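Coordinates in review
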Amino acid sequence: MCRHQFNADVQSANMDISKGREVLPKNVKPIHYDLTLEPDLEKFGYEGTVVIELDIVEDTTSISLNTLDLNIHSTKVSSGSKLITSSPDVSYNKDTQTTTVSFNETIPAGSKATLTQTFSGTLNDNMAGFYRSSYKGDDGSTRYLATTQMEPTDARRAFPCFDEPALKSHFTITLIADKNMTCLSNMDEASEKEVDSRVSGGKKKAVTFNKTPLMSTYLLAFIVGELKMIETNSFRVPVRVFATPDRDIEHGRFSLDLGARTLDFYEKKFNSEFPLPKMDMVAIPDFSAGAMENWGLVTYRVVDLLFDEKTSGASTKQRVAEVVQHELAHQWFGNLVTMDFWDGLWLNEGFATWMSWYSCNTFYPEWKVWQGYVTDNLQSALSLDSLRSSHPIEVPVKRADEINQIFDAISYSKGSCVLRMISKYLGEETFMEGIRRYLKKHAYGNTQTGDLWAALSDASGKDVEKVMDIWTKNVGYPVVTVTEDEKENAIHVKQNRFLRTADVKPEEDKTLFPVFLGLRTKDGVDEGLTLNKRESNFKVKDLDFFKLNADHSGIYRTSYTPERLKKLGEAAKNGLLSVEDRAGMIADAGALAASGYQKTSGVLSLLQGFDTESEFVVWDELTARVGSIRAAWVFEDDKVKDALKAFQRDLVSHKAHKLGWDFKDSDGHIEQQFKSMLFSSAALSGDSKTLNAAFEMFEKFKNGDRSAIHPNLRAGVYAIVLSNGGEAEYDAILNEYRTAKTSDERNTALRAIGRAKKPELIKRTLSLPLSDEVKGQDIYLPMGGLRAHREGIEALWAWMKENWDALEKKLPPGLTMLGSVVSICTSSFTSKAQMDDIEQFFKQKSTKGFNQSLAQSFDAIRAKAGWLGRDRDDVEQWLKEKKYM
Ligand code: BES
Ligand code: ZN
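This one's a predicted model, so the numbers in the text were calculated from it and none came from an experiment.

Before going further, it helps to examine the pairing of strand 10 (residues 142-149). For strand 9 (residues 129-136) and strand 10, the ladder comprises eight bridges, and the chain directions are antiparallel. Opposite S134, over in strand 10, you have Y144 as the bridge partner. Counting the residues that bridge the hairpin from strand 9 to strand 10 gives five residues, and of these G140 lies at a positive phi of roughly 85 degrees.

Before going further, it helps to spend a moment on the sheet that holds strand 26 (residues 519-521). The strand order across the open sheet built from three strands is 27-26-30, with neighbouring strands paired in antiparallel fashion. Of all strands in the sheet, those bounded by a partner on one side alone are strand 27 (524-526) and strand 30 (546-547).

With that settled, consider the site of ligand 1. Among the 16 residues in the neighbourhood of ligand 1, the closest are listed as E151, G290, E293, E327 and Y412. The backbone of G290 places a nitrogen or oxygen atom 2.5 Å from an oxygen atom of ligand 1. Relative to its unbound accessible area of 510 Å², ligand 1 is 88% covered by the protein chains. Per-element accounting of the shell around ligand 1 gives the leading share, six residues, to helix 4 (residues 314-330).

The UniProt record marks E327 with the feature "active site" (unreviewed entry), using the residue numbering of this structure. Counting through the fold element by element, E327 comes out in helix 4. We classify E327 as buried; its relative accessible area is 5%. Other than its neighbours up to four places away in sequence, E327 contacts A291, M292, E293, V298 and Y300.

The zinc ion (ligand 2) binds to the protein through H326 (NE2), H330 (NE2) and E349 (OE); the donor distances cover 1.8 to 2.1 Å. Going along the chain, you hit the donors of the zinc ion (ligand 2) in the pattern H-x3-H-x18-E. Within this pair, H326 and its partner H330 are both found in helix 4, separated by four residues, close to a single helical turn. Neither H326 nor H330 differs from the other in exposure class; each is buried.

A few words now on helix 10 (residues 428-442). Compared with an ideal rise of 1.5 Å per residue, which puts 15 residues at 21 Å, helix 10 spans 21 Å between its outermost C-alpha atoms and is within 8% of the ideal. Packed against the buried residues of helix 10 are helix 3 (253-269), helix 5 (345-363), helix 9 (410-426), strand 22 (446-447) and helix 11 (449-460). Downstream of helix 10 by a residue or two, Y444 has a phi angle that is positive, lying close to 65 degrees.

Turning to its location among the elements, A283 is positioned in strand 18 (residues 279-284). You can call A283 buried: its relative accessible area is 2%. Along the chain, A283 and T299 lie 16 residues apart, while their C-alpha atoms are 6.1 Å from each other. Apart from the residues lying within four places of it in its own chain, the contact partners of A283 are F242, A243, Y300, V302, L305 and L306.

So, about the nonpolar core. Counting 251 residues, the largest nonpolar core has F159 and F222 as the members making the most contacts within it. In terms of residue count, helix 5 provides more of this core than any other element does, 11 residues in total. When near neighbours in sequence (up to four residues on either side) are disregarded, F159 contacts Y33, L35, V50, N66, L70, F119, M150, F171, L220 and F222. Among the nonpolar cores identified, the runner-up in size contains 31 residues, and I720, A732, L734 and A756 belong to it.

In this section: the UniProt feature "domain: Aminopeptidase N-like N-terminal" (unreviewed entry) in the chain. Per the UniProt annotation, the sites labelled "domain: Aminopeptidase N-like N-terminal" (unreviewed entry) are residues 29-219. Taken end to end, residues 29-219 has its terminal C-alpha atoms 18 Å apart, with 2% of it in helix and 60% in strand.

Once that is clear, we can look at the sheet that holds strand 29 (residues 535-539). With mixed pairing, four strands are arranged side by side in an open sheet as 29-24-23-31. In the strand order of this sheet, the two ends are held by strand 29 and strand 31 (557-559), each with one partner. Shown here is a sheet whose adjacent strand axes are inclined to one another by a mean of 25 degrees, direction ignored.

Definitions and limits used
Residues numbered from 1 in each chain as written. Chains lettered and ligands numbered in written order. Predicted model: local features only at pLDDT ≥ 70, side-chain atom pairs only at ≥ 80, totals over all residues. Heavy atoms only, no water. Pairing = 2+ DSSP bridges. Helix = DSSP H or I, 4+ residues; strand = E, 2+ residues; numbered from the N terminus. Near = heavy atom within 4 Å. Polar contact = N/O pair within 3.5 Å; in protein donor to acceptor, adjacent residues only side chain to side chain. Areas by Shrake-Rupley, 256 points an atom, 1.4 Å probe, with all protein chains shown as cover. UniProt positions renumbered as here; feature names shortened; annotations may be inferred. Buried < 20%, exposed > 50% of the residue type's maximum accessible area, 1.4 Å probe, protein only. Contact = heavy atoms within 4.5 Å. Donors = N, O, S within 2.8 Å, 3.2 Å for Na, K, Ca; no water. Expected span 1.5 Å × (residues − 1). Core = buried A, V, L, I, M, F, W, Y, C linked by side-chain atoms within 4.5 Å. Axes fitted to C-alpha atoms, helices over the stretch in contact; angles between N-to-C directions.

Here it is, written out as structure tokens:
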């Protein structure tokens, strides 16, 4: 077959099948888009015109581009000054979401062409493409704005385009709107003129923005709405924060200032000027993710941008800082340099995650965020990646509906763990030098993972690819089993694939990871030891004290003998271990018990030994581990469950009382979270002192004293009074959801509401997710509390079965949210029989768009069932021995 014919075949299938990816044919390349959009905020539609300049790469008789849910009214193709056709044959392939424009004349390779289309679309309410978002006006009426969410593959929903990250182009955007509206896009305004409206007949303004630099379609954004704004000139270019009129725009001040400082920090760190003329950050009332890094126009969920010091606590502040710094990191990593296809998503998300921690640590060293990293990102990564249904960091994604599913803990958390590991291995300064080289070399271009490794090798002189490739190309991670040889003064270490379900098959245990051992002894940390083989021996001068994976910068779990684990518990008390070591060691022990490497009783003893621990992060992990045991035991006998609760009470109460629950201005950021965490943990495990205090505060609060519950305690107090109270508490908290001013206050109420256990209250909770009272973006919030108790878990699943059609309609697959909801409603179960029921339900249904979440739920349930089978008696025995039963 001649080359030409082969191309024709590929074109007729509307896709290039190289690497199994469904991508557009490569016969043309977009150079510039001139896009005009006129939204109609009354009829929820819009009219558009797009003029795309194309480079003709191969002789062309058809052009395929992406469209979805658009009405194409007219199509014209011209080349130079010559009209090729104004009535081409236009066909649509639903499966690949492509429109193909075919004509009789051949446009020769090497020439240029222009494709012009007029079209109309719906300003949908699915938070994807060009969509509408609503808020309440002064008079109580519902008001709308039009905004966009393109990533990963919804630019095609907004306008016809070549919707792939590697098809970078320039864009000139024009928005037509009423004169009182604010119009925003990636670039600054170039001109404004009066025009006749295409949708309403009257006069409107047409705002044209300056031409963008070379960029990917998924980073485009346009917004039309009535918006309030604050601005700072403390950065080289203006930085602004926008919000709808129902918000207090002053709540954007924290993010505004932090944003300006962060941009300045990044451009110096990266030695690369922020290339756009302004940075706008906008709080959008309906938003599917947390935030989106559109170049120069970052959009946020309201809670992730607006922050009110008076009504929100320390953890909310840290979350806002994290989100802002994450999205701004993308302005370089992702926007300036972009992955060449979605299987490189981790480059974007892993880096932005790592960078937000790095910058947060620089801006707020007293927050000690890297300590928290070990209990946060590291555990998320190790947890998801311990399931058979996990996936490699670099995962082949072929189709649009697969792409959304990889915005998960593997891309974000494991991706950032890999970068943390290599940054520690090379040293942070060398790592950063590599990043600078990478950004410089690939600015305005697209990359693959190998390009990053090459830049890091270049900067360090080390073969980075050799040690890192294995981590990104393979699923999972090892458990390193350590045994000791006292005669030889050596340790023996062996790596095996770690699966939570504890049923690794030989063919799943073939990958040998380069494991940085990070051997800590009394002499310090030996960073040089690497286990490259299955097993090996290493000399240790003094076997009295050693620990592997110092600071837990490696991606693995360490399994010690029970005797060694006891000694490590002692070492922790004697100050020989860092905070990261202590927290990480507890996490490892907990996870290993859950998967049969150790006895759960051993972990319970270990946890018990930590009662004199002084650090927040370690306590956070301690309570998390007790929490996961209690969660796995949630369907067990009440006697055992009560005993576990008593154990938790015993563990935390003393410390909780000692720290207290008064908040002073002088309390540090960590101290605030520490008090709040222990207070809730004690009261929720039945400690009477904290329990009474919670009810006292709530009583005052209910009677109108809004200052009676400190913002740091609010979530805890709600959970406590709902778990132990009745209808009066429920009504008051629901009322708080309905009437509180800030999103954070309202979310806190909604997140807690499911804690109430009475059947009639569960019913009321379950009436919320699909009601008009809860925005689609928040659908999962009222479900959360239900997972804290068995009655709730059962009711939630029954509700999901009953409301599946409505859920599927409200959350169309392709959006990540359906997957999250499936996971929330199924993953709390613990037995084979329950799993069968779930399997049965989904058997006849399409699981497209959430098959990954479902498989992960099944694995999680399987793991818990296995754990209970192994350690049910062991735990009961221990609880009896310790007089908790
Ligand atoms: N690029 C993502 C937003 C996104 C997520 C788009 C999923 C499409 C699908 C953005 O940079 C992001 O990662 N946002 C995070 C916040 C961050 C602090 C982890 C989010 O949305 O939670
Ligand atoms: Zn991101």
